[in-house]
Amino acid sequence: MRIELVNLEHGRGDFAQVYQPDELNLDDERVSLCSPASISGKIRQSGMEVFINGNVDSCVQVDCDRCLRPLQLPVKSDFSLEYIPGNEYEANRTVELTESLMSVSVFDGESIDVDEIAKEQILLQVPTRSLCKEDCKGFCLTCGADRNAGECGCSVGDTDPRWAALKDLMSGKS
Ligand SMILES: [Zn+2]
Ligand SMILES: [Zn+2]
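What you are looking at is a predicted structure, and each value in this text was computed from that prediction instead of being measured.

Within soluble globular proteins, side chains that are nonpolar tend to cluster in buried spots. Formed by 33 residues in total, the largest nonpolar core has its most connected members in Ile39 and Ile52. Breaking this core down by element, the ones donating at least two residues are strand S2 (12-19), strand S4 (37-46), strand S5 (49-63), strand S6 (70-85) and helix H3 (114-124). Once residues within four sequence positions are removed from consideration, Ile39 is found in contact with Phe15, Ala16, Gln17, Tyr19, Asn55, Val56, Phe79, Val114, Ile117 and Ala118.

Right, dumping it as C-alpha cells:
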C-alpha cells in the first residue's frame, strides 16, 4: 500500500493495513511471519516533510541459533518516522550534516510506501541472536543428536550450530 500525499486532506491522514503472512516479503530468509501483520498510524505533512506515527503488531518465526528449532516471537512496536524528499536531503546535507538529518528517511516527494515501513519495523524487532531457551545445548558435533534431549555420551566439544547444520546436510537429514 502506498499513501499518495496529494490524497491527504489538509496534509493529514490515517492508515491501517493487515498483511497475511504470504503478502509481506521480509527479504530475510531467517525470518518469516507466523501470524498476520497489522500496521496502523497517522501521517502528517508539514511543508516538504512528512511525519508518521504508528505501530506494528505481528509474530515472527526464526530458528534457534544453536539447535535450529523454529521459535515464534511476538512483535509489537511503536514507531515515529520522518521523511524528506531526496533532493531536499541532498541540499541540506551539503550545507551541514545535522544530527537530526541522521534519523530522517528519504522519499520520492510524492508517496510513502507502507509495505516498506511494515517490513522495516518488523525486522527491527527481530533479535540478532535467538535461542529457543537461554541454556539451549544445541547439537552434538560428533553424532548430531539434539543435546537438549539428554547427553548422547560423546565427549563434550564446542557446539557451533553452523557445523551442526553442515553435518545434517551431509548426512541427508533435514
Ligand atoms: Zn535451541
Ligand atoms: Zn553425540
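Each protein donor to the zinc ion (ligand 2) is listed here as Cys140 (SG), Cys143 (SG), Cys152 (SG) and Cys154 (SG); together their distances run 2.2 to 2.3 Å. In this structure, the zinc ion (ligand 2) is surrounded by four donor atoms whose angles at the metal cover 105 to 117°, and the resulting shape is tetrahedral. Here the donor residues for the zinc ion (ligand 2) map to a single chain with the spacing C-x2-C-x8-C-x1-C. The class for Cys140 is buried, based on a relative accessible area of 5%. Judged by relative accessible area, Cys143 falls into the partly exposed class, the value being 40%.

A word on the coordination of the zinc ion (ligand 1). Reference values for coordination geometry: four tetrahedral donors around a metal ideally subtend 109.5 degrees, six octahedral donors ideally subtend 90 or 180 degrees. Cys64 (SG), Cys67 (SG), Cys132 (SG) and Cys136 (SG) make up the full set of protein donors to the zinc ion (ligand 1), lying at 2.2 to 2.3 Å. Its four donor atoms give the zinc ion (ligand 1) angles of 106 to 114° at the centre, a pattern that matches the tetrahedral case. Of note, the zinc ion (ligand 1) draws all its donor residues from one chain, in the sequence arrangement C-x2-C-x64-C-x3-C. On the accessibility criterion, Cys136 (4% relative accessible area) is buried.

What counts and how
Residues numbered from 1 in each chain as written. Chains lettered and ligands numbered in written order. Predicted model: local features only at pLDDT ≥ 70, side-chain atom pairs only at ≥ 80, totals over all residues. Heavy atoms only, no water. Core = buried A, V, L, I, M, F, W, Y, C linked by side-chain atoms within 4.5 Å. Buried < 20%, exposed > 50% of the residue type's maximum accessible area, 1.4 Å probe, protein only. Helix = DSSP H or I, 4+ residues; strand = E, 2+ residues; numbered from the N terminus. Contact = heavy atoms within 4.5 Å. Donors = N, O, S within 2.8 Å, 3.2 Å for Na, K, Ca; no water. Tetrahedral: all angles 85-135°; square planar, octahedral: opposite > 155°, others 65-115°.

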